[in-house]
Amino acid sequence: MASSLLQAPRGTRDFYPEDLRFRTWLFDHFREVARRFGFEEVDAPVVEHEELFTRKAGEEIVEQLYHFELHGRKLALRPEMTPSIARMVRARAGGLRLPLRWFTVTQNWRYERMTRGRKREHFQWNLDVWGEPGVAAEAELLAAIFTLLRRIGLGAGQVRVQVNSRALLEETLRAGVLRDRPAAFEPLCVRIDKLSKIGADAVVDQLVDPAGPVGLPPADARDVVALLGLRSLDDAAAAAPAGSPAITDLRRLFELLEAYGVAAHVDFDASVVRGLAYYTGIVFEAFDAERKLRAVCGGGRYDRLLETLGGPAMPAVGFGFGDVVIAELLAEHDLVPALSRGLDDVVCALGEAQRPAAIRLATRLREAGRSVELVLGDVRPKRVLDDADRAGARRVLFFGPDEAARGVVRVRELGGGGEHEEPLEG
Ligand code: HAM
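Just so you know, these numbers come straight off a predicted model, no measurement behind them. (Residues numbered from 1 in each chain as written. Predicted model: local features only at pLDDT ≥ 70, side-chain atom pairs only at ≥ 80, totals over all residues. Heavy atoms only, no water.)

Within the structure shown, the criterion is met by 36 salt bridges. R116 serves as the salt-bridge partner of E332, at 2.9 Å between the closest nitrogen and oxygen. Of this pair, E332 sits in helix α13 (residues 324-332) while R116 sits in the loop between β5 (100-109) and β6 (121-130); the two residues are 216 residues apart in sequence, bridging distant segments of the chain. A salt bridge links E419 to R412, with the shortest nitrogen-to-oxygen separation between them at 2.8 Å. A relative accessible area of 30% means that R412 is categorised as partly exposed. (Salt bridge = Lys/Arg side-chain N within 4 Å of Asp/Glu carboxyl O. Helix = DSSP H or I, 4+ residues; strand = E, 2+ residues; numbered from the N terminus. Buried < 20%, exposed > 50% of the residue type's maximum accessible area, 1.4 Å probe, protein only.)

Printed below as a string of structure tokens:
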């Protein structure tokens, strides 16, 4: 076998039992928080029509598609969940009770350049609200994120959320440098999203590039980048057109976040625009407080996505929360939980003649809801005890000819609990 076959493809992961225990623990928290916020789980195929994901704004996510052609059909592995959810909403648009609260926990595929916290497959927890135009929906989503963080052990201040509004940027630019070129707004957002990665000069170059979709004069491009430096809502309000609805929304959002008790962990940051073209309003990303890692999660309002898929107008807002960065952050803070297998009993027949009775005993314990490992071969008791101890079992139940003759089972409590006999019922 070629040595490359011993490894999963670069950027993908095998999940051994201990890895899957952690994943299940995390996903259980995702599901429990979603349930507490009244969201219902949905799912969709990991393979979709490629066209669902191809957009022309120059987003990296489109370049990173795992795509292929089968029997003349162009298909792709989903890089994110939002377009599939939009497809599902569109198919039932007339009959849904709004606002709709849906969540997903799914694997996504992106052919990324690999760096810390970036893989080629990752799982995401998505919460999306459809049919609610007001920022009460954004506030609820941000509260759910903080609830999750608290549940998994990340205390106040270990993660901060940065909030901005694309609508604010759009209002400001449409009153100024994009006055005559509204179509340049989406590609402009995709390019300025790279600011922290590639720096101001490179972003200006991209905005100025005459062959690109934005094509601003250099002075205008520098003005755009300067706007992104604003870190207070008052400064942003001063730069925005008078009576800006986007500023009103942002102020209201912060008021509501006060009521949830999380406003102290949320900052206004004009540089957050997000790299996906479909966002239209408030956008946000969460980062570890020390900013060592990539975004823990990101999302925002995308009120026009359904229309671009040929559906009716429907406001929507949501976020995606990945499993990779949060695992790194928990490890950084020594917060990865020690998770046991949850094995209760190991049942061991001492001799083949006792096996049928041992099987009946294991069956009874399993029917009572206990997790039971039945020793399958002829294993020495000392080895059974060592193995059971290592597996984290609570008890080992031995059943030999002597026990059979007396109608009992010998129970060894692991972890220093001693040994006793119990009557063999049934
Ligand atoms: P996104 O920012 O592309 O948004 O991804 C959301 C989160 O998924 C990121 O913050 C990160 O934690 C995780 N993530 C993304 N790509 C990778 C990767 N290659 N490796 C590891 N983790 C990754 C979206 O996908 C939007 N669809 C979210 C959304 C839902 N917006 C509205 N509703």
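Next comes the rest of the write-up.
In this structure the tally under the stated criterion is one cavity of 30 Å³ or more. Space inside the largest cavity adds up to approximately 80 Å³. As for the largest cavity, its lining consists of N164, S165, L168, L169, T172, L227, L230, A236, A239, F268 and A270. Listing elements by their share of the lining of the largest cavity, those giving two or more residues are β7 (159-165), α5 (166-174) and α10 (233-239). (1 Å grid on protein atoms, 1.4 Å probe; cavity = no way out; pocket = protein on both sides within 12 Å on 5 of 7 lines; lining within 4 Å. Points joined across faces, edges and corners; volume = space filled by probe spheres on them.)

Once that is clear, we can look at the sheet that holds β7. Backbone-to-backbone hydrogen bonds join strands into a sheet, with any given pair of strands oriented parallel or antiparallel. Pairing is mixed in the open sheet, where eight strands are placed in the order β1-β5-β6-β11-β10-β9-β7-β8. Among the strands making up the open sheet, the edge pair consists of β1 (40-41) and β8 (266-268). When β7 meets strand β9 (residues 282-288), the two strands line up antiparallel, connected through seven bridges. Bridging from a neighbouring strand, N164 pairs with V283 of β9. (Pairing = 2+ DSSP bridges.)

Viewed as axis vectors pointing N to C, helix α6 (residues 185-192) and helix α8 (residues 200-208) meet at an angle of 160°, and their least axial separation amounts to 9 Å. One finds that α6 runs roughly antiparallel with respect to α8. Along this stretch, α6 crosses α8, giving a crossing that reads as right-handed. Along the contact surface, α6 presents L188, R191 and I192, while α8 presents V203, Q206 and L207. A breakdown of the residues in the contact of α6 with α8 according to their chemical character gives four nonpolar, one polar and one charged. (Axes fitted to C-alpha atoms, helices over the stretch in contact; angles between N-to-C directions. Parallel < 35°, antiparallel > 145°, perpendicular 65-115°, else oblique. Left-handed = near helix turned anticlockwise from the far one by under 90°. Contact = heavy atoms within 4.5 Å. Nonpolar A, V, L, I, M, F, W, Y, C, P; charged D, E, K, R; others polar.)

Along α13, the positions that sit buried rather than exposed are V324, V325, I326, L329 and L330. Contacts from the buried residues of α13 go to α1 (17-36), β6, α4 (136-151), β7, β9 and β11 (316-322). Downstream of α13 by one or two residues, D334 has phi in the positive range, about 55°.

Taken together, 26 residues are adjacent to the ligand, and E80, T82, K119, D128 and Y279 come closest. The contact in question runs from a nitrogen atom of the ligand to an N or O atom on the side chain of T82, over 2.7 Å. Separating an oxygen atom of the ligand from a backbone N or O atom of V296 is a distance of 3.0 Å. Here the ligand, which alone exposes 650 Å², has 96% of that area covered by the protein. (Near = heavy atom within 4 Å. Polar contact = N/O pair within 3.5 Å; in protein donor to acceptor, adjacent residues only side chain to side chain. Areas by Shrake-Rupley, 256 points an atom, 1.4 Å probe, with all protein chains shown as cover.)

Domain parsing of the chain yields domain 1 (16-332) and domain 2 (345-423). Of note, the centres of domain 1 and domain 2, computed from C-alpha atoms alone, are 53 Å apart. (Domains from an automatic or database assignment.)

Turning to the side chain of D323, a few remarks are in order. Position of D323 among the secondary structure elements: in the loop between β11 and α13. Residue class for D323 comes out buried when judged on its relative accessible area of 5%. Within the structure, the side chain of D323 is placed 3.1 Å from the side chain of R13, a separation counted as a polar contact.

A word on the packing of aromatic side chains. Counted according to the given criterion, the structure contains 13 aromatic pairs. For the ring pair F27 and F30, a centre distance of 5.8 Å and an interplane angle of 20° mean the geometry is stacked. One end of the pair, F27, and the other, F30, are both in helix α1, three residues apart, so they sit about a helical turn from each other. Accessibility assignment for this pair places F27 and F30 in one class, buried. Among the aromatic residues, those joined into a cluster by ring pairs are F15, F27, F30, F123, W125, F319 and F321. The residue whose ring lies beneath R23 is F15, and the NZ or CZ to ring-centre distance is 4.5 Å. Stacked on the ring of F287, the Lys or Arg R291 has its end atom at 3.6 Å from the ring centre. (Phe/Tyr/Trp six-rings, centres within 6.5 Å; stacked < 30°, edge-to-face > 60°. Lys NZ or Arg CZ within 6 Å of the ring centre and 35° of its normal.)

Let us now look at the pairing of strand β15 (residues 408-413). Bridging between strand β14 (residues 395-399) and β15 involves four bridges; their strand directions are antiparallel. Within the sheet, the bridge partner assigned to F398 lies in β15 and is R410. In the sheet, β15 pairs with strand β16 (residues 418-423) via six bridges, with the strands oriented antiparallel. Residue V408 lies in a different strand from β16, and its bridge partner there is P423. Adjacent in sequence and paired antiparallel, β15 and β16 are bridged by four residues, among which G415 carries a positive phi angle near 75°.

Let us now look at the layout of surface pockets. A volume near 580 Å³ is recorded for the second largest pocket. Around the second largest pocket sit 23 residues that line it, and T54, R55, L305, T308 and L309 are the ones nearest its centre. Those elements giving two or more residues to the lining of the second largest pocket turn out to be α3 (82-91), α5, α6 and α12 (305-308). Among the elements that take part in the lining of the second largest pocket, α3 stands out by supplying three residues, more than any other. Here the lining of the second largest pocket is built from residues that sort into 11 nonpolar, three polar and nine charged.

Further remarks concern unusual backbone geometry. Cis geometry is adopted by the peptide bond preceding P99, which originates at L98 and carries an omega value of -5°. Here P99 shows up in the loop between α3 and β5. A positive phi angle, near 55°, is found at R291, a position not held by glycine. Mapped onto the fold, R291 is located in the loop between β9 and β10 (297-301). Of note, the phi angle at D334 is positive, near 55°, even though the residue is not glycine. The exposure class of D334 is exposed, given its relative accessible area of 73%.

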